[in-house]
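These are the residues of each chain, in order.
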Amino acid sequence: MKVTYDKLKNTIKNALKASGVSEEKSELMAKVHAESTLKGVNSHGLNRIPRLIDFINKGLVDINAEMELVKSFGSVENYEGNLGFGVINALKASDRAAELAKEHGIGMVTLRNTTHWMRGGAYSENIADKGMIGMCWTNTESLMPVWGSDEISLGNNPIGISIPSESGNICLDMAISLYSYGKLETTRLKGEKLPYPGGFDKGGNLTDDPKLIEESQNLLPVGYWKGSGLGICLDTMAALLSNGLSTYDMDDRDGFNCTSCSQIFIAMNPEAFSTKEENEKTIRKIKERVKSAHPTNPGLSPRYPGLGLYTRKEKGLREGIEIDDKIFKKVESLGEM
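Worth saying up front: this structure is predicted, and the values here are computed from it rather than measured.

(A) Focus on the domain arrangement of the protein chain. Domain annotation for the protein chain reports domain 1 (2-58 + 313-335), domain 2 (68-177 + 221-272) and domain 3 (276-304). Distance between the C-alpha centres of domain 2 and domain 3: 27 Å. Taken together, the contact pairs 10 residues of domain 2 with 6 residues of domain 3. Taken together, both faces of the contact between domain 2 and domain 3 bury some 690 Å²; the carbon and sulfur share is 50%. A salt bridge links Lys 276 to Glu 166; the shortest N-O distance between them is 3.0 Å. Remark: the boundary between domain 2 and domain 3 carries 6 residue pairs in polar contact (both at pLDDT 80 or more).

Shown next, in the form of structure tokens:
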């Protein structure tokens with residue numbers, strides 16, 4: 001089924017308010033979740049609301065908590081998340097990183113003991129919308145095997161990188177696995193197969209069946225051993241720079257769904273050593289070369305990161321947002337309780 005952006009946002013907001021969340025926080029959370037759904041990332045938008053409300057009801061997220069400054073050092077600040085809403089903590093952290101970058105040329109905010117931030121690219125995009133280059137990542141509990149093992153021992157550790165441009169920001173939003181669990185879920189719900197094999201079944205065979213990968217929890221890392229190594233480094237940096245928990249600390253606490261995770265938000269001023277006009281010229285050339293590269297599939301031009309997000313956003317605003325009707329009705333009912 002399809003719904004308008006406003007109907008989607010208000011439905012999510014009502015469900016959060018019915019769970020005791022304040023008007024201000026419900027509005028902010030609903031906007032982020034609706035925006036993710038609008039851009040086609042339903043798994044970290046509408047589809048997460050029932051689980052989030054379940055966590056609220058179980059006391060796993062403190063709806064009244066606010067993040068607090070612990071230490072600062074020049075253009076770097078460290079915050080305690082107090083297990084508040086991961087989305088709101090991440091928005092505030094990315095806002096602050098951008099402010100620091102405007103003052104110092106570069107700014108970094110590190111955040112510990114927070115909760116799931118949902119779609120990671122939302123925060124690097126938030127920084128880019130303020131004219132800064134954004135790079136943000138989080139660690140998670142172990143969700144996949146480290147390369148060379150069949151044991152769940154590596155966080156999926158999503159990272160977002162966004163570069164501002166008047167012609168549309170370049171936005172990379174990725175996890176360490178070739179496909180996130182959210183992508184597996186949405187593909188399975190549609191009754192579809194993955195475009196490429198994304199993991200192994202319980203027999204150790206590569207497969208494009210999302211259900212079999214969910215059952216085995218043996219996701220394929222991007223770049224095989226290189227992706228595995230990147231995941232380890234992202235986790236280590238997040239834990240050290242925030243003075244927070246690593247993947248294995250979360251595992252030892254039986255953590256799940258990024259509870260008490262560590263996050264990094266970096267903003268960089270792209271005009272520190274150049275002009276806006278020079279930067280736009282560079283970005284324009286990069287975009288043109290990418291899009292004009294000879295396609296392997298006739299009629300489908302290569303695209304730069306983020307182009308799909310904005311294309312889906314424009315289509316959703318114009319034609320309505322495609323959602324799972326069962327999940328939408330569930331969220332609607334949560335707003336009526």
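(B) Main features of the packing of aromatic side chains. Going through the model one piece at a time under the given rule, you end up with 6 aromatic pairs. Arranged with centres 5.8 Å apart and planes meeting at 75°, the rings of Trp 117 and Phe 265 form a pair that is edge-to-face. Of the two residues, Trp 117 sits in the loop between strand E4 (106-114) and helix H5 (121-128) while Phe 265 sits in strand E13 (residues 261-268), which places them 148 residues apart along the sequence. With a relative accessible area of 1%, Trp 117 lands in the buried category. Aromatic rings pair up to connect Trp 117, Tyr 123 and Phe 265 into one cluster.

(C) Here's a closer look at the pattern of salt bridges. Going through the model one piece at a time under the given rule, you end up with 21 salt bridges. A salt bridge links Glu 66 to Lys 92; its shortest N-O distance comes to 2.6 Å. Placement of Glu 66 in the loop between helix H3 (49-57) and strand E2 (68-73) and of Lys 92 in helix H4 (residues 86-104) is noted, with a sequence separation of 26 residues between them. What makes Glu 66 partly exposed here is its relative accessible area of 37%. A relative accessible area of 35% means that Lys 92 is categorised as partly exposed. In this structure, Glu 80 and Arg 112 form a salt bridge, with 3.2 Å as the shortest nitrogen-oxygen distance. Taken as a pair, Glu 80 in strand E3 (residues 76-80) and Arg 112 in strand E4 lie far apart in primary sequence, 32 residues in all. Taking relative accessible area as the criterion, Arg 112 reaches 18% and is therefore assigned buried. Residues participating in the shared-partner salt-bridge network are Glu 35, Lys 39, Arg 119, Glu 125, Asp 173 and Lys 313.

Cut-offs applied
For every chain, the first residue of the written sequence is number 1, and numbering continues from 1 onward in sequence order. Totals for whole chains, interfaces and linings use every residue, but because this is a predicted model, local features are given only for residues with pLDDT of at least 70 and side-chain atom pairs only at 80 or more, for both listing and counting. With hydrogens and water stripped out, all remaining heavy atoms of the structure feed into the side-chain values. Boundary definitions for the domains trace back to an automatic or database domain assignment. In what follows, residue pairs with any heavy atoms lying within 4.5 Å of each other are defined as contacts. A quick way to say it: buried area is the sum, across both parts, of accessible area lost when two parts are put together, with a 1.4 Å probe. By definition, a salt bridge exists where a carboxyl oxygen of Asp or Glu is found within 4 Å of a side-chain nitrogen of Lys or Arg. Any pair of N or O atoms that falls within 3.5 Å is considered a polar contact. Within protein, one atom must be able to donate a hydrogen and the other to accept it, and sequence-neighbouring residues count only if both atoms are side-chain atoms. Any pair of Phe, Tyr and Trp rings, taking the six-membered ring for Trp, is counted once the centres come within 6.5 Å. Such a pair is stacked with planes under 30 degrees apart, edge-to-face with planes over 60 apart, and tilted for the rest. By definition, any uninterrupted DSSP run of H or I lasting at least four residues is a helix, any uninterrupted run of E lasting at least two residues is a strand, and each is numbered from the N terminus. With a 1.4 Å probe rolled over the protein chains alone, any residue whose accessible area is under 20% of its type maximum counts as buried; one over 50% counts as exposed, and the rest are partly exposed.

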